[in-house]
2 protein chains.
Amino acid sequence: MKETVKNIINTIYPISNQAFGAIEKLLKFETYSKGDTFISRNKRNEKEYFALKGISKSYLINPDGDEITISFFLENSILSLHSIRTSNNISNLYFKALTDIELASINAKKFEQLMIENIEIRNFANTVLQNELISKVEKEIGLASLSAKERLIEFRNKYRLLENLIPHTDIASYLGITNISLSRLRKDLMN
Amino acid sequence: MKETVKNIINTIYPISNQAFGAIEKLLKFETYSKGDTFISRNKRNEKEYFALKGISKSYLINPDGDEITISFFLENSILSLHSIRTSNNISNLYFKALTDIELASINAKKFEQLMIENIEIRNFANTVLQNELISKVEKEIGLASLSAKERLIEFRNKYRLLENLIPHTDIASYLGITNISLSRLRKDLMN
DNA sequence: GCTTGCCATTAACATTTGTTAATAAGCGGT
DNA sequence: ACCGCTTATTAACAAATGTTAATGGCAAGC
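Because the structure is a prediction, the values reported are computed rather than measured.

We now examine the pairing of strand E3 (residues 47-53) of chain A. Residues and elements named next belong to chain A. Burial analysis of E3 places five of its seven residues in the buried class, the great majority of the element. Here E3 pairs with strand E10 (residues 101-107) via six bridges, running antiparallel. Within E10, the position partnered with Lys53 by the bridge is Glu102. Pairing of E3 with strand E6 (residues 77-78), which is carried by two bridges, proceeds in the antiparallel orientation. For Phe50, the partnering residue across the bridge sits in E6 and is Ile78.

In structure tokens, the structure reads:
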């Protein structure tokens, strides 16, 4: 499991074994079942997470009570950074397991300290931050300037297998359309 | 002008005079004319900015050649953080002056060093980061779950005076609609 | 004062997307 | 294997938004 974390990090920004050692010592492991909301909006959260197994999403609930998907998180990736998803250690988003999942976690405060002390870890974290922000801007552009059909095509390129693994309702709200529209577009794109 | 920068900072996250002194020493001042693109995508940029006067926008250009507005920046605020808008000191976005503008700037590398050395400045910067990210998520939610009319109403609440100061084309692309649709919604909301 | 160019509005029509409701299909638990 | 629940599809219609094109207003420069 620790090896998996190391691979995740090195895929994003390779760091030395010494630098990884400092992280490794702080790792904890957690599992959740499909459907579990493991981070709640307005609740305390003080962790950084590595996604080892399974699929999860971040989401919000709109005034109608519907879940609006913000992002998906696949295996072998970093869950949205603590600094991006919390304010004063209070979560701004919900996170839910869409399948059974395994996470590695690390105390965010301690991780921040590692960033300050160690330039490799700082560079790694900044790379993660960059990637996440670029992804957000890309999604923003998509929502602002593409048709729903084009957004679905982009989604398929970015998350090749997801469409067959998770409820379409989650995908539809991510794309900013209803699940009925998604169904129509799927049919349309079959030809 | 330096006093204005101090006020901007203190409105976001109050810092001591000593902490501000470290920033103050590094400030430079710049002015641009209405229509100037002062940061270009794929070009080098190594600065943090304070917006002292005037209005600007960040944008991208889509495959059709249209400018898509990402964000607006008002007087007495922080321009999008360097860490959010660049990768390896290369800008991911264009920035354009929508009126004549005055900016204060500071070298991003030096500012990052101040963040590492000084917890007040780090807290200030993290607050700015938080605010910007929350704003991005809010916009994302809006695009994904509100109608164009509702988005216009939200826009008017967030940027009260902007609608009468800048071209509607810029607002329309920010809202993810055509300027014709914007015109229709404006008429509709008059009743 | 006139012209030029840019931008906002309006109209007419086409297309996309939403809404409601009925049906079908898949899936988990017993 | 069956039942019951959730989710996906389809249809019919309504509403929202896009497209193209024509019109009008307004400000900058001559």
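Next comes the rest of the description.
Of all residues adjacent to DNA strand C, which total 16 residues, the nearest are Ala148, Ser181 and Arg184 of chain A together with His168 and Arg186 of chain B. Backbone atoms, meaning sugar and phosphate, make up 58% of the atoms of DNA strand C lying within 4 Å of the protein. Measuring from a phosphate oxygen of DNA strand C, one finds a backbone N or O atom of His168 of chain B at 2.5 Å. Here Thr169 of chain B contributes a side-chain N or O atom positioned 3.3 Å from a phosphate oxygen of DNA strand C. Elements that contribute at least two residues to the surface near DNA strand C include exactly helix H8 (179-188) of chain A together with helix H7 (168-175) and helix H8 (179-189) of chain B. Sort the elements by how many residues they give to the surface near DNA strand C and H8 of chain B lands first, with five residues. Classifying every residue of the surface near DNA strand C by side-chain character gives five nonpolar, seven polar and four charged.

All right, on to the relation of the copies chain A and chain B then. Superposition of chain A onto chain B requires a rotation of 180° combined with a translation of 0.1 Å along the rotation axis, giving an RMSD of 0.0 Å. Both copies of the chain, as the preceding transformation shows, are related through a two-fold rotation axis. When you check the interface residues of chain A against chain B, 100% turn up at the interface there too, and the contact is symmetric in its surfaces.

With that settled, consider the interface of chain A and chain B. The interface is formed by 28 residues belonging to chain A together with 28 residues belonging to chain B. Summing the contributions of chain A and of chain B, the shared interface buries around 2,400 Å²; its carbon and sulfur component is 66%. For the chain A face of the interface with chain B, the top three residues by lost area are Leu133, Glu140 and Ala144 of chain A, together amounting to 21%. Across the contact surface, chain A and chain B share eight residue pairs in polar contact (both at pLDDT 80 or more). Those elements that provide at least two residues to the side of chain A that touches chain B are strand E5 (67-73), helix H3 (82-85), strand E7 (86-87), helix H4 (108-117) and helix H5 (119-145) of chain A. Per element, the largest residue contribution to the side of chain A that touches chain B is 14 residues, and it comes from H5 of chain A. Across the side of chain A that touches chain B, the residue classes break down as 13 nonpolar, 10 polar and five charged.

Cut-offs and rules
Throughout this description, residue numbers start from 1 for each chain and increase along the sequence as written. For naming, the first written chain is A and the first written ligand is 1, with later ones following in the order written. Thresholds applied to this predicted model are a pLDDT of at least 70 for local features of residues and 80 or more for the giving and counting of side-chain atom pairs; totals over whole chains, interfaces and linings are not thresholded and use all residues. Water and hydrogen atoms play no part in the side-chain values, which are based on all heavy atoms of the structure. Relative accessibility thresholds used throughout: buried, under 20% of the residue-type maximum; exposed, over 50%; partly exposed, between the two (1.4 Å probe, protein chains only). Secondary structure elements follow DSSP: runs of H or I no shorter than four residues count as helices, runs of E no shorter than two count as strands, and numbering proceeds from the N terminus. Between any two strands, pairing holds if DSSP finds at least two bridges. Here a residue counts as near a molecule or strand whenever at least one of its heavy atoms sits within 4 Å of it. Here a polar contact is recorded for every N or O atom pair within 3.5 Å, except that within protein the pair must consist of a potential hydrogen donor and a potential acceptor, and residues adjacent in sequence are included only if both atoms are side-chain atoms. In this count, Pro and Cys sit with the nonpolar residues alongside Ala, Val, Leu, Ile, Met, Phe, Trp and Tyr, while Asp, Glu, Lys and Arg are called charged and the others, Gly among them, polar. To superpose the copies, least squares is applied to the C-alpha atoms of every residue with a pLDDT of at least 70 in both. Two residues form a contact once any of their heavy atoms are found within 4.5 Å. Accessible surface is computed with a 1.4 Å probe, and the buried area is the amount of it that two parts give up when combined, taken over both parts together.

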